[in-house]
Amino acid sequence: MRQSTVERPMQESAGIFQFGTAQLMPSVEALTLAGAIASATGAPLGDPEFDVHTWLRERFVALGCPDDNAVPFTGHALQSALYGYKSGQTRKLILRALDNLTRAFVTIPGFDARRGVLDPDAVSRRLRLLEGVIEHGFYERFAAARARGETPNPGDFASLGSQRGDITLVALLPSWSARALRAWLGAPLDLDAQRELAGVAKRLWVQLDAQPFIGNGNERELFVLELDSAAYAAIGFHHRRPTDRKRYLTAALARICEVDSTYLAEHTRVETHPTRRGLHLLTVTRCTGSTRQQRLQERHLRRSASRDRPLPEQREALAT
């Protein structure tokens, strides 16, 4: 399984990324399942921003979480991992995503960024998602200046809009993110499933991964959630009528089970709450252990031949 990595505090706040949205807003607020408000401002955040964010975190972990929080990469490697091919359009998407990640500020509830720990009573405000991007050839001089305590100025960072060729760049992770990843607060995600999912199904998939599943025997685990209007809103469903919310959630779950074979469609459902009138009950079941590994391997064998071809969702996104 190919992986990406996201900070666990970000998973509950996944709604700040406007998955599957054509016209992105520069500022958004999103309710979490804990009833808190996450927000993003300063730059729009969509699918490319989330995917680049998680790819860079995975590279950081793979490099052993270096002390300087630096992640060297090339645009070709990033495009190949996220889109399976290289084109002028994917290059623009990635460069714009890097720029947006640098300009955005986010507020994440349930996390103490200073200490790098989960805390349900804490709220961390105005966190950057990326400190900046440096051309590799200038990084040694940049790092030396930073070690002397000099404050970087805008001219020290790469001008992403004018990049030509496939030079090596260095992404600088913010200290809060690096601290969280060093403290094992990084959640591995299935990059192949992440590439295929879109819209509310993608948001829900990210959020489900952060929930407290309980072992249910036979290498299965279970998550159950009572769904009132606030809970529906926290997972991205804002339809006025409960029947519409249920219908669209059911469709999103079906898409997740189709793409991520570790989720068991026959045991994942939305139904009328048995005791609380007007509420629905969400039950999600996924496999663990050797069963999970077997399903992932089977999926890999089925899709390996088509991995490097753009997916329908991606072709549609590139055309917009």
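The model shown is predicted, which means the values in this text are computed figures rather than measured ones.

### A short note on the nonpolar core
Generally speaking, soluble globular proteins have nonpolar side chains that are buried together.
Here's step 1: Judged by nonpolar contacts, the single largest core of 76 residues is most densely connected at Ile-16, Leu-56, Leu-98, Leu-227 and Leu-249.
Here's step 2: In contact with Leu-227, not counting residues within four places along its chain, are Tyr-232, Ile-235, Leu-249, Val-270, Leu-279, His-280 and Leu-282.
Here's step 3: Counting 6 residues, the second largest nonpolar core, distinct from the first, contains Ala-70, Ile-134, Val-170 and Leu-172.

### Topic: the sheet that holds strand E8 (residues 168-172)
Here's step 1: Spatially, the 3 strands line up as an open sheet ordered E4-E8-E7, and their pairing is antiparallel. The two strands at the open ends of the sheet, each matched to only one other strand, are strand E4 (70-74) and strand E7 (132-135). Mean inter-strand twist for the sheet, computed between neighbouring axes without regard to direction, equals 30°.
Here's step 2: Relative to the sheet, helix H2 (residues 47-62) contacts E4 and E8, its axis offset from that of E4 by approximately 115°.

### Comments concerning helix H5 (residues 136-147)
Here's step 1: Taking 1.5 Å of rise per residue, 12 residues should cover 16 Å, and H5 covers 17 Å from first to last C-alpha, within 8% of that figure.
Here's step 2: Turning to H5, its buried residues number three or more, namely Tyr-139, Phe-142 and Ala-145. The buried residues of H5 all sit within an arc of 130° when viewed along its axis, so they share a single face. Relative to its buried face, H5 has exposed residues pointing more than 90 degrees away, namely Gly-137, Glu-140, Arg-141 and Ala-147.

The rules we used
Residues numbered from 1 in each chain as written. Predicted model: local features only at pLDDT ≥ 70, side-chain atom pairs only at ≥ 80, totals over all residues. Heavy atoms only, no water. Core = buried A, V, L, I, M, F, W, Y, C linked by side-chain atoms within 4.5 Å. Buried < 20%, exposed > 50% of the residue type's maximum accessible area, 1.4 Å probe, protein only. Contact = heavy atoms within 4.5 Å. Pairing = 2+ DSSP bridges. Helix = DSSP H or I, 4+ residues; strand = E, 2+ residues; numbered from the N terminus. Axes fitted to C-alpha atoms, helices over the stretch in contact; angles between N-to-C directions. Expected span 1.5 Å × (residues − 1). Arc of directions from axis to C-beta.

Honestly, it's all geometry; don't read function into it.
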